[in-house]
Amino acid sequence: MVVNSVHWFRKGLRLHDNPALQEALNGADTVRCVYILDPWFAGSANVGVNRWRFLLESLEDLDTSLRKLNSRLFVVRGQPTDVFPRLFKEWNVTRLTFEYDSEPYGKERDAAIIKMAQEYGVETMVRNTHTLYSPDRIIEMNNHSPPLTFKRFQAIVNRLELPRKPLPTITQEQMARCRTQISENHDERYGVPSLEELGFKTQGDSLHVWKGGETEAMERLNKHLDRKAWVANFERPRITAQSLFASPTGLSPYLRFGCLSCRVFYYNLRDLFMKLRRRSSPPLSLFGQLLWREFFYTAGTNNPNFDHMEGNPICVQIPWDHNPEALAKWAEGRTGFPWIDAIMTQLRQEGWIHHLARHAVACFLTRGDLWISWESGMKVFEELLLDADWSVNAGSWMWLSCSAFFQQFFHCYCPVGFGRRTDPSGDYIRRYIPKLKDYPNRYIYEPWNAPESVQKAANCIVGVDYPKPMINHAESSRLNIERMKQVYQQLSHYRGLSLLASVPTIQEEAEPPMSDDSQASSSTAGEASSPISAPSTPPNSDPSTPNSSPTAAAPGAHTHRKRVRPSELPSKQKSKVKHTNQAKGVEQKTDDMQ
Amino acid sequence: MVLPFYVDEEARNKMKRGRSKRQSFTPSEGRNKRHRSVTPAYVQTGSIASQRPTEETWGSLPHHVVLHIFQHLSLVDRARASSVCRRWNDVFHIPDLWRRFEFELNQPATSYLRSTHPDLIQQIIKRHAQHLQYVSFKVDSCTESAEAACNILSQLVNCTIKTLGLISTARPSFMDVSQSHFVSALTVVFVNSKSLSSIKIDDTPVDDPSLKVLVANNSETLKLLKMSSCPHVSPAGILCVADQCHGLRELALNYHLLSDELLLALSSEKHVHLEHLRIDVVSENPGQTQFHTIKKSSWDALIRHSPQVNIVMYFFLYEEEFEPFFCEETPVTHLYFGRAVSKDMLGRIGLNCPRLVELVVCANGLEPLDEELIRIAERCKSLTAIGLGECEVTCSGFMEFVKMCGDRLSQLSIMEEVLIPDNTYNIDQIHSEVSKHLGRIWFPDMMPTW
């Protein structure tokens with residue numbers, strides 16, 4: 001029987017460690033490598049030019065590599081559901097292979113394609129390679145729910161066998177056995193489109209920092225390992241001003257698009273570590289960034305609302321402000337805080353920012369200053385950030401906005417001090433906001449505080465040439481801490497943010513429980529604030545009645561409150577609280593602690 | 001007699017979901033109609049009710065039993081239950097069930113949250129204003145929402161409110177309401193209620209004259225006053241409250257309102273023990289505000305009078321503005337530094353804050369804080385909770401700190417980046433060592449690397 005394979009590239013844009021592609025080649029008579037792209041959709045989708053460029057470069061690189069193997073990449077225009085029936089018939093396809101996509105949207109799309117393939121008598125083969133571990137496996141090992149703390153996740157990973165070894169790259173011999181006729185007009189019909197074709201204007205585009213493709217990824221991987229070997233230090237690297245700039249050894253966009261296999265990265269790191277530190281097997285922390293990625297993939301895989309606050313069982317519901325004007329200032333780098341604006345400029349120009357920078361701008365947009373929903377920030381990152389995976393992007397935003405994953409400790413990053421600490425001379429700001437380049441170090445993070453003479457000498461008057469700060473950070477962070485406390489104390493079983501929540505206050509406004517009339521009539525603070533009764537008094541009651549008491553912990557009782565386990569709370573209250581998964585997570589957290 | 005209303009299922013968990021949809025809230029069209037349509041249907045389906053003699057139907061449950069059940073239901077559930085029969089409907093209107101209410105006022109353009117339905121607001125003002133005792137208003141960042149709150153306040157004439165809370169869920173919109181509008185609305189409550197006990201009016205344009213009205217009418221009952229960031233109040237204004245309201249037990253205000261006179265007034269013989277004093281220290285720009293110093297003798301007087309008082313201070317200052325603070329012994333118990341604080345300042349805390357219970361440092365420079373922490377461990381014998389953000393401590397220094405404090409540290413939240421590995425300990429070792437000393441599993445806090 002003739003086997004005509006199609007390998008469908010989506011992520012996983014590489015020839016090395018590509019099990020699905022290997023399956024396509026295995027015993028096949030012909031193989032075609034396909035990428036499906038809808039040029040019309042391209043312009044309208046919420047994906048910025050840098051991400052498109054990176055994708056197209058990656059496709060070019062794939063095509064070039066395939067040419068070397070006497071094959072080509074087929075970039076087919078259209079939507080998968082329209083394209084495949086056509087291809088199945090035209091190419092007489094019998095086998096379809098692709099990499100497993102664990103994200104809810106991808107799972108739905110793939111299920112439809114698999115069903116369609118079945119109808120056409122096409123066999124489908126799917127292999128999981130975008131993550132080190134199977135998210136479903138981790139969920140199964142965590143009693144069928146995704147681990148919601150990173151510690152828990154690490155504990156499970158520790159119990160798992162090592163990830164599967166990566167496969168070698170596709171060879172000429174393999175490809176020769178299933179050579180496909182390439183038509184004369186291949187470039188016309190199936191060539192990689194240009195950015196112009198997708199409707200992007202590219203005139204005067206500054207040199208771009210991140211070049212897409214497997215070839216580049218492998219070079220970077222080597223440099224990355226060389227540097228690690230040279231430093232011979234696997235501790236967390238010290239963050240310096242230099243860390244803020246794009247590094248020639250950065251890998252995250254390549255992992256995102258699958259130009260680099262995460263397993264190849266994993267085993268290279270592991271081997272290097274074992275070579276340099278003969279005796280020891282590497283600690284999990286060596287794979288920090290890789291594991292965070294897995295963590296969020298696992299958290300998102302069965303949660304179609306993972307990227308929303310509403311309807312998302314792991315997300316705390318926070319009354320964010322709706323303020324398009326402020327959002328635009330943030331997204332376009334016009335906040336008047338040079339540190340924030342420089343980061344957003346770098347993000348827009350280059351498509352990558354350091355993780356500290358991500359923390360800074362995410363905190364500023366949400367809980368720190370602007371009190372705008374993390375969903376808005378996530379969308380901006382989705383457009384601009386090269387390494388924005390759906391799960392990792394949404395998960396990180398929830399994390400950074402204190403919306404999920406049980407942070408214990410609420411602290412805000414200061415939009416002035418945080419950057420200054422990393423880069424005291426402000427070189428980073430000078431690079432991305434040239435207008436400010438002549439400001440003295442002392443004022444570069446807070447130009448509005450510079451005396452007029454300094455502003456004049458620097459040729460940049462605040463309020464004229466550069467915006468005034470859009471918000472008073474001290475005031476807004478004070479307010480936002482109070483807001484957060486309000487939110488968190490409504491989730492009375494929640495143990496997070498405990499340091500702040502434990503700042504005591506008398507049980508004031510919250511009326512004594514209604515069911516107890518005697519107490520109610522004798523009224524107010526008296527009984528309720530007694531430390532003895534306090535731990536059993538729910539700090540807040542039924543969410544549908546006034547919770548006007550955002551800080552309603554009893555005096556001297558704060559230590560008790562922190563230890564209250566969900567099971568100790570009155571059942572009435574527990575049942576009224578909607579975040580059942582959070583409750584679960586709290587129990588989990590408690591387990592972690594024991 | 002009017003009936004209550006039917007409230008849509010959607011209205012449940014109004015806080016939790018929904019984009020500014022309003023509760024669907026339909027004032028009923030009349031008792032008869034409802035009786036015909038609802039009650040019979042219910043009776044037919046309720047097997048007990050349909051099989052037993054009439055006097056044992058649900059409708060004949062003793063009044064106090066229904067009341068007891070209703071007390072456990074949310075407003076929406078009560079509203080629906082009240083449409084079962086006449087007796088349940090009577091219970092629905094019992095004053096006891098209207099003692100507390102939270103008005104939620106949001107605009108679709110600025111908030112994701114729902115609002116309390118205007119008809120419900122009208123019903124409450126008309127029928128239940130005199131029953132309200134615990135009232136709060138949650139408003140979004142839109143001025144109209146705050147104005148709506150003021151409009152409701154000014155209609156609460158025949159009330160005996162005990163607790164009033166004005167809460168901005170996003171930007172403080174009460175500050176955008178005209179001051180006269182706000183003040184006149186607020187004083188309506190102050191004048192009419194006469195037994196106010198708790199008032200939370202942070203971030204509002206309340207002023208000295210309105211506080212005078214408050215004092216004139218409620219001095220006997222006032223126990224709690226929270227008014228952080230109320231720029232129109234002067235030190236004299238708050239002093240007047242402290243002088244007259246001897247039952248005041250909790251007070252929250254900004255540092256510029258704190259004076260020696262205020263502390264002395266709160267420590268007078270006639271005054272009950274103060275339990276909580278929360279002080280926010282905020283500055284706009286460096287050099288703009290000169291912070292005064294509170295005399296040690298005033299603090300001493302306060303502590304003599306109220307030995308158990310919690311003094312909670314939130315600092316949002318620039319490093320160079322800390323000079324006036326903690327140069328002498330200060331009885332602060334809870335300290336939160338929202339932005340960078342100098343090493344020097346932390347050193348002074350170790351020297352001068354013997355009552356310290358909880359310390360949060362969001363940021364500091366790049367020099368390790370070993371010495372300062374060790375001094376704090378040594379001198380602050382009540383310290384039980386600490387949180388460190390962007391600072392540095394060597395692992396050895398941190399271990400020393402933990403050993404000295406031991407298991408009294410019930411909260412230890414340290415960002416992973418804070419701990420600098422040295423020759424003695426790396427991060428993994430620190431985790432096991434600290435866990436040993438605390439007697440429980442401990443990890444540093446982490447942020448995702450992404």
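If you're wondering where the values come from, they're calculated on a predicted model, not measured in any experiment.

## Some remarks on the environment of A:Trp448
All names here are of chain A.
Here comes step 1: Along the chain, Trp448 falls in the loop between α21 (441–444) and α22 (452–457).
Here comes step 2: What makes Trp448 buried here is its relative accessible area of 17%.
Here comes step 3: Once the C-alpha coordinates of Trp448 and Gly336 are considered, the two residues, 112 residues apart in sequence, prove to be 8.5 Å apart.
Here comes step 4: At a separation of 3.5 Å, a polar atom in the side chain of Trp448 contacts the side chain of Asn449.

## Some remarks on the packing of aromatic side chains
Here comes step 1: Throughout the structure, instances matching the rule amount to 59 aromatic pairs over all chains.
Here comes step 2: Arranged with centres 5.4 Å apart and planes meeting at 25°, the rings of A:Phe84 and A:Phe88 form a pair that is stacked. Within this pair, A:Phe84 and its partner A:Phe88 are both found in helix α4 (residues 80–90), separated by 4 residues, close to a single helical turn. Here the two residues A:Phe84 and A:Phe88 agree in accessibility, since each one is buried.
Here comes step 3: Three or more aromatic residues link up through ring pairs in this structure, and these residues are A:Phe150, A:Phe153, A:Trp292, A:Phe295, A:Phe296, A:Trp399 and A:Phe405.
Here comes step 4: One cation-aromatic arrangement involves B:Arg78 over B:Trp98; the distance from NZ or CZ to the ring centre is 5.8 Å.
Here comes step 5: The cationic tip of B:Arg278 hangs over the ring face of B:Tyr314; the distance from NZ or CZ to the ring centre is 3.7 Å.

## Some points on the sheet that holds strand β10 (residues 310–316) of chain B
Consider a sheet: its strands pair through backbone hydrogen bonds, and that pairing is either parallel or antiparallel.
Residues and elements named next belong to chain B.
Here comes step 1: What the 12 strands build is an open sheet, ordered β3-β4-β5-β6-β7-β8-β9-β10-β11-β12-β13-β15; its pairing is parallel. With partners counted over all chains shown, the strands left at the sheet margins are β3 (100–105) and β15 (411–414), one partner each. This sheet shows a mean twist of 10° between the axes of neighbouring strands, independent of strand direction.
Here comes step 2: Pairing analysis gives 4 bridges linking strand β13 (residues 385–390) to β15, with the strands arranged parallel. In the strand pairing of β15, Ile386 is matched with Leu412.

Criteria and cut-off values
Residues numbered from 1 in each chain as written. Chains lettered and ligands numbered in written order. Predicted model: local features only at pLDDT ≥ 70, side-chain atom pairs only at ≥ 80, totals over all residues. Heavy atoms only, no water. Helix = DSSP H or I, 4+ residues; strand = E, 2+ residues; numbered from the N terminus. Buried < 20%, exposed > 50% of the residue type's maximum accessible area, 1.4 Å probe, protein only. Polar contact = N/O pair within 3.5 Å; in protein donor to acceptor, adjacent residues only side chain to side chain. Phe/Tyr/Trp six-rings, centres within 6.5 Å; stacked < 30°, edge-to-face > 60°. Lys NZ or Arg CZ within 6 Å of the ring centre and 35° of its normal. Pairing = 2+ DSSP bridges. Axes fitted to C-alpha atoms, helices over the stretch in contact; angles between N-to-C directions.

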